Structure formats: C-alpha cells, structure tokens
Amino acid sequence: MQSRWTMLSCVGVLLVGCHDVDVIDPPGDSRADEAGGDMVAVDGGRDGAPDAPTMDGAKGKEAGPDLGKDQGVEAGLDAGKDQGKDQGVEAGAPPTIWKVLTPGGTGTYASVAAEGPVVLVGTSKGDLLRSSNSGTAFSAVFKSTGILKEIDMDGQRAVAISQEGDLHYSVNAGANWSTSKQSCGKGSTSIAISGATVVAGCAGQYCVSHDGGANFACIAVTVGPAKVLFMGVAAAKVGGHTVLLAAGHYNSSGSNPVVHRWDSNSKAWADLTSTLPKAGNILHHAELLSSGLAVIGSSSGKVLYSSDGGKTWYVSGAATSTHTLAAVAATLPTLVIAGSSQYGAYLSTNGGGYFKQITATAVTKSGYSSAAFDGKGGVYLAGKSLVKGVP
C-alpha cells in the first residue's frame, strides 16, 4: 500500500527530535486501577485545549492549562453532559446500567469491537466470538493462533490482529473471516480500519493495507537502534481528510513514549514525541473520531487526549494508583471510557478533560484490556470479564 522512505526527524516544520525514522508514503484518502477515587484533570479540561491547530508543543501545553483554568474543568464536564443529553443516546449519553455478559469461548476476553447490534470479541485463546443482537447471544465464528489482541470495525469491514502477528479481515461485519498472506510478526498488538485503509501496530514496524486487510506492506520504524513497539494505532477522516495516529514506546535505558501522526493535508509523517506532556512511559490503545477527538491510554494511569485530531496533546488526569489504563474508547460527541488493567474503569463526558470512577459492581470487579462503543448508546469492556453499559 505504501512505499518506504527515510527522513531525519529534526528536518521540517512538523518534525521534532533528531533520530532516524523510517516512514511511509501516505495512504490514499479513504475514510485501572484499584476501585476508589476520582480521576482529576491535571493539565486543564478539554475545553481548555487551544482551538488553533498548532504544532508548537510547548506553547500548546502552556495554553491548555491557562485556558482550562479560566473556563473551568467542571464547566467542560457540564457542557459535555448537556451536549450528550440534547443530542440523545446516539450522541453519547453516559452509561448508567451495567451488566456482565457471558459470550462463551475459552480464556479471558482480550479484545472487543462493536458497531450497532454487531459485537465482536476476541479471547486469549484465539477464539473470535460474534453477536448480532447487541450481546444477547454469541457464536464462535473464527479461530486464530495466539491472543486476539485487538479488533476494529468500520461498516461491514472488520479487522483483527493476534499476538503472533496474524492479520485477519472480514467484509461482512465479522460473520466470515480470511487471513492475510503477510504477518506483522510476534508481539503485535494493535489494528485500526478506516474505509479500506488498515493500519496495524507491531513490534518495530507498521503494516498497512489498501484493500481492507487482504494485503499488507510492512515498514520498519526505529529510534536509533531501538525498535518501536506500536501498541495503539488509529485511523479516521477528520475534517474531510485522512488522519493516522501511531502510539507506542521503545526501550533505550528504560521505556520511552512515541507518537507519530500523518494527515493528507501535510502529506507527511510527524514525530510528536518531544511535544507530549508527561504521561506514562508506555502508551497503549488509541482512538480517533471524525470530530478530531483522540485519546491514548498509558502505563501510569493517565490518559492523553487531543481535540484537534492528534496535533496537540494534554493529560486528562491520574487515578488513585498507577495501574495501566490500557483500554480506551470514545464516541461522539465527547464521551470517553478508560479501563484499568487491574480493576475498574473511568468515564469522561467532556472529551477527556475530567474523569470519574464507574462505581457499578459489575465494572469494579475486573481489569480490562479493550473497550468499544457501538455508536447506538452501548459500551463494552473486555478483560477478565465482558461487561456492557447502557444509558
């Protein structure tokens, strides 16, 4: 899908740092913690994020807290609630009723994706389970090798990736599956789809498909001698042009976070790593919406969030302990959920500016590795158990 070229990341307006990054030609323009305590905003609410899409990370981080202080995090929270209420359930009304689902399969529930009534669940034993009635009943539709680390959907298209690097795709909303001839390699963790464009995050490389996942081209990405492990990728059309995000880390005297961004306006990859506010050293799942809202989970119990399609990032808060927030998901207009790898989950109604703990017993008993909204009012958390929330 994309050819490989190399640039020095200290060259160009959008690139920062001075390490070699293998990048790819842009694709075609197609589409927690222990229970207890609230997550609080430490770098300003979402409404404090600058409206102008600036690439000056330092200025962005300074402007965000000041504006957040002036406008108030609570004001942003109330606005998020009001907007969701006015636009109805499909606009992202917060879930208030939670229940545990029993989809079957073997192992724990490693990944989940949902769109409308279709729910796809991947297990730690490679089972892929499907429901066509919003989680009321599931059936096994596919078996992969290794843990199914992530699943994503866009309309009738669906993709999945296993920890062994197998790349799977479906053209009928997950009812039937095929496997790509290419592999992403062991240690693979993330995959995203927008239209027919698929991006997979792997150990030391991206893998990209133009045809919905049938064929991939893989491109190595390093920081000096260290390979980057991309644990979170995202793809969406924002403002009529395609945006790709890739988040992860590399090991060089400890773990170091990495975020890369591409959009069809600049037609170039930008390394935003040095502009990031302090969050976890290891970045996890990512989500990007057509509105420009983007979120990334981290190893420190914090969430990175952006309101301008990933150009400028802020820290939305810290939980009462430092367990990884590996499961993140968002839905329009401003609803974000973050699940802890140990116990519990947190909810933001203002795009990540402020989080509160979900206290429902069904949620607090489990840790989570994946989350998904279905666009129709439902949200799913997958981990030691599978739970569903509705307004």
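A. Focus on the environment of glutamine 342. Structurally, glutamine 342 can be placed in the loop between strand 27 (335–340) and strand 28 (345–348). For glutamine 342, a relative accessible area of 29% corresponds to the partly exposed category. Residues glutamine 342 and histidine 323 lie 19 residues apart in sequence; the distance between their C-alpha atoms is 6.5 Å.

B. Up close: the packing of aromatic side chains. Following the criterion strictly, the structure yields two aromatic pairs and no others. Between the aromatic rings of phenylalanine 142 and tryptophan 177, the centroid separation amounts to 6.3 Å while the plane-to-plane angle is 35°, which identifies the pairing as tilted. A residue pair is termed long-range when its members are at least 10 positions apart, and phenylalanine 142 in strand 7 (residues 139–143) and tryptophan 177 in the loop between strand 10 (166–170) and strand 11 (178–183) qualify at 35 residues. Grouping residues by exposure puts phenylalanine 142 and tryptophan 177 together as buried. Ring centres 5.8 Å apart and planes at 40° place the aromatic pair tyrosine 305 and tyrosine 314 in the tilted group. On the accessibility criterion, tyrosine 305 (0% relative accessible area) is buried. When the ring centre of tyrosine 343 is taken as reference, the NZ or CZ atom of lysine 384 above it lies at 4.6 Å.

C. Representation of the state of the cysteines. By the definition in use, this model includes two disulfides. The side chain of cysteine 184 participates in a disulfide bridge whose partner is cysteine 202; the two sulfur atoms lie 1.3 Å from each other. Of note, the bridge from cysteine 184 to cysteine 202 carries an S-S torsion of about 45° and is right-handed in sense. Placement of cysteine 184 in the loop between strand 11 and strand 12 (190–194) and of cysteine 202 in the loop between strand 13 (197–201) and strand 14 (205–209) is noted, with a sequence separation of 18 residues between them. Across the pair, cysteine 202 and cysteine 184 agree in class, each one buried. In this model cysteine 207 forms its disulfide with cysteine 218; the gap between the sulfur atoms is 1.9 Å. On the S-S bond that ties cysteine 207 to cysteine 218, the torsion sits near 105°, and the link is right-handed. Of this pair, cysteine 207 sits in strand 14 while cysteine 218 sits in strand 15 (residues 217–220), placing them 11 residues apart in sequence. Given the relative accessible area of 0%, cysteine 207 is considered buried. Each disulfide of the protein chain joins two cysteines, and with those cysteines numbered along the sequence the arrangement is 1-2, 3-4.

Conventions used here
- Residues numbered from 1 in each chain as written.
- Predicted model: local features only at pLDDT ≥ 70, side-chain atom pairs only at ≥ 80, totals over all residues.
- Heavy atoms only, no water.
- Helix = DSSP H or I, 4+ residues; strand = E, 2+ residues; numbered from the N terminus.
- Buried < 20%, exposed > 50% of the residue type's maximum accessible area, 1.4 Å probe, protein only.
- Phe/Tyr/Trp six-rings, centres within 6.5 Å; stacked < 30°, edge-to-face > 60°.
- Lys NZ or Arg CZ within 6 Å of the ring centre and 35° of its normal.
- Disulfide = S-S within 2.5 Å.

Read these as layout, nothing more, since geometry by itself doesn't imply function.
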